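Breakdown of the fold
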Amino acid sequence: MSSYTKEDILRMAREEDVEFIRLQFTDLFGTLKNVAVTASQLERALDNRCMFDGSSIEGFVRIEESDMALHPDPDTFVIFPWRPQQGKVARMICDIHYPDGAQFEGDPRYILKKVIAKARDMGYTFDVGPECEFFLFDLDEEGHPTTKTSETAGYFDLGPADLGENARRDMVLTLEDMGYIVEASHHEVAPAQQEIDLRYDEALRIADGLMTFKLAVKTVARQHGRHATFMPKPLSGMNGSGLHINMSLSRDGKNMFYDPADVLGLSREAYYFIGGMTRHIKGITAIANPTVNSYKRLVPGYEAPVSIDWQGNNRSVMLRIPAVPGENIRVELRSPDPAANPYLLLTLCLAAGLEGMEKKIMPPQSAEGKTAESLPSTLIEAVTCLEQDAFLCDTLGSHISTKYIEAKKKEWQAYCMQVTEWETRHYLDRF
């Protein structure tokens, strides 16, 4: 990973003919935001003197505390490959601060950095490899997204059945132009469903990468006349989209989850990490599966986990241990979906795992086909579990936990007040 100085950024912007710089940040609910400045204002931005109205961002601050400062991270400087090659557009990801320089406790990136620092103090680096699924749908005549597709391709199919092949190729090339290494890409199980996997890296870079990934995928999809959606379950009767998170801890370059003497190849640290994850997974689910629609995916029969179980190389469980060579061993969490805020998701995964290690929490016995405790089946159930988990709320901090829980309760209430097409179809003539 590069380590750029202010002078490096100014020089690169000048040499590359960059005219606009987008100062990006992520809100509480995983939506990418930005403020754009011209090249003439770049030095001012790098001096942390760009302000914005935080009261306009849901979940941030009240109107009387509205002024917030953007602090760009120079190491996230990258030029957008899809923008003009004369008068180029670049971006930097920012941390959010108060005007006096103090960190804003509602910034998801800051919360992740705090837990990463704790892991570092314990001697660990948190390494993550995400596998992200999404759908490519047709646009209507006015350019609006639909849930329609004319393709019928399935798992690992290729062209001409896979109509998303060319778009997916360009997404991969775009991501690599931006400095991200893609390990694999392929068509997934459902028609129009795709998967792209980013290479293992440190957690903060992966969280930044997932936000960049979503932007790049949506942008390239539009160039191909398609709409890319990370909605967890856009189609009834089809598989939904997951965000599988592969995790391990390293120390001095050595994978601390590996023990060749263990039957699964797992170290004691790995078992404790799994123990912490399973203890807190119900509350984590409110972050990992953050929408009403998320729970339409977490149902039996569609390859998404529904129980709090774990075991070896079994793709139906919540936590599995992939069959990979020794030193590459990892723990894969399969329940999250791509609507999740990656900063908050990785924060809680790491925090729960570290607590498991600190308290030597062994995971429950692997279910292996027997009945296991269920994951939350609705958004309100998951939010209640988060609200009742003091450890997770403390990890997120009172600002984020309070704002997030309040917003998700309102979202659930709004959903419950809707009369759906299913209801009118089933009840209008019957009663």
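Structure's up top.
Rules behind the numbers
Residues numbered from 1 in each chain as written. Predicted model: local features only at pLDDT ≥ 70, side-chain atom pairs only at ≥ 80, totals over all residues. Heavy atoms only, no water. Helix = DSSP H or I, 4+ residues; strand = E, 2+ residues; numbered from the N terminus. Rg over C-alpha atoms; globule rule 2.2 N^0.38 Å. Buried < 20%, exposed > 50% of the residue type's maximum accessible area, 1.4 Å probe, protein only. Contact = heavy atoms within 4.5 Å. Areas by Shrake-Rupley, 256 points an atom, 1.4 Å probe, with all protein chains shown as cover. Lys, Arg positive; Asp, Glu negative; His and termini not counted. Charge placed at Lys NZ, Arg CZ, Asp CG, Glu CD. Expected span 1.5 Å × (residues − 1). Pairing = 2+ DSSP bridges. Axes fitted to C-alpha atoms, helices over the stretch in contact; angles between N-to-C directions. Parallel < 35°, antiparallel > 145°, perpendicular 65-115°, else oblique. Left-handed = near helix turned anticlockwise from the far one by under 90°. Phe/Tyr/Trp six-rings, centres within 6.5 Å; stacked < 30°, edge-to-face > 60°. Lys NZ or Arg CZ within 6 Å of the ring centre and 35° of its normal. Nonpolar A, V, L, I, M, F, W, Y, C, P; charged D, E, K, R; others polar. Arc of directions from axis to C-beta.

**Considering the overall build of the protein chain**
On a plain count of helices and strands, the protein chain comes out with twelve helices and 16 strands. Scaling as 2.2 N^0.38, a compact globule of 431 residues should have a C-alpha radius of gyration of about 22 Å, and the protein chain matches this with 22 Å. In terms of its C-alpha atoms, the protein chain occupies a principal-axis envelope of roughly 65 × 55 × 45 Å. For the protein chain, buried positions account for 55% of its 431 residues. Contacts in the protein chain between residues at least 24 apart in sequence constitute 70% of all its contacts with a sequence separation of at least 6. For the protein chain, the accessible area works out to roughly 19300 Å², and carbon and sulfur atoms hold 48% of it. For the protein chain, the centre of its 46 positive side-chain charges and the centre of its 64 negative side-chain charges are spaced 2 Å apart.

**Describing helix α5 (residues 203-223)**
Taking 1.5 Å of rise per residue, 21 residues should cover 30 Å, and α5 covers 30 Å from first to last C-alpha, within 8% of that figure. Here α5 lies mainly inside the structure; 16 of its 21 residues are buried. One or two steps after α5, the chain reaches G225, where phi turns positive at roughly 75°.

**Description of the pairing of strand β4 (residues 67-72)**
Across the six residues of β4, five count as buried, placing the element largely inside the fold. Pairing geometry for strand β3 (residues 50-53) and β4, over four bridges, is antiparallel. Looking across to β4, one finds that M51 is bridged to A69.

**Some remarks on the packing of helix α9 (residues 379-388) against helix α11 (residues 398-416)**
Where α9 contacts α11, the two axes come as close as 10 Å, and the packing angle between them is 160°. Compared by their axis directions, α9 and α11 come out roughly antiparallel. In the crossing of α9 with α11, the sense of the turn from one axis to the other is left-handed. Within the contact between the two elements, α9 uses L379, I380, V383, L386 and E387 and α11 uses Y404, I405, K408, K409, E411 and W412.

**Things to note about the packing of aromatic side chains**
Taken as a whole and assessed by the stated rule, the structure comprises 14 aromatic pairs. Ring centres 6.2 Å apart and planes at 75° place the aromatic pair F134 and F213 in the edge-to-face group. Of this pair, F134 sits in strand β7 (residues 125-138) while F213 sits in helix α5, and the two are 79 residues apart along the sequence. Note on accessibility: F134 and F213 belong to one class, buried. Here the aromatic cluster, defined as three or more aromatic residues joined through ring pairs, consists of F126, F257 and F273. Between K233 and the ring centre of Y302, over which it is positioned, the NZ or CZ distance is 3.8 Å.

**Focus: the packing of helix α3 (residues 108-121) against α5**
Running from N to C, α3 and α5 point in directions that differ by 160°, and their axes come no closer than 10 Å. Between α3 and α5, the crossing angle belongs to the class labelled roughly antiparallel. Taken as a pair, α3 and α5 cross one another with a handedness that is right-handed. For the pair α3 and α5, the contacting residues are R109, L112, K113 and I116 in the first and A203, L204, A207 and D208 in the second. Looking at the contact of α3 with α5 residue by residue, the class counts come to five nonpolar, no polar and three charged.

**Observations regarding unusual backbone geometry**
The backbone of D17 sits at a positive phi, close to 60°, despite the residue not being glycine. Within the element layout of this structure, D17 appears in the loop between α1 (6-15) and β1 (18-26). A relative accessible area of 34% places D17 in the partly exposed class.

**A look at helix α4 (residues 165-177)**
Helix length check: α4 (13 residues) gives 18 Å between terminal C-alpha atoms against 18 Å at 1.5 Å per residue, within 8%. Residues of α4 that are buried include every one of A167, R168, M171, V172, T174 and L175, and no others. Mapping the buried residues of α4 onto a view down its axis gives an arc of 165°, with all of them on the same face. Those residues of α4 that are buried are in contact with β7, β8 (182-187), β9 (193-198) and α5.

Purely spatial values, then, with no claim about function.
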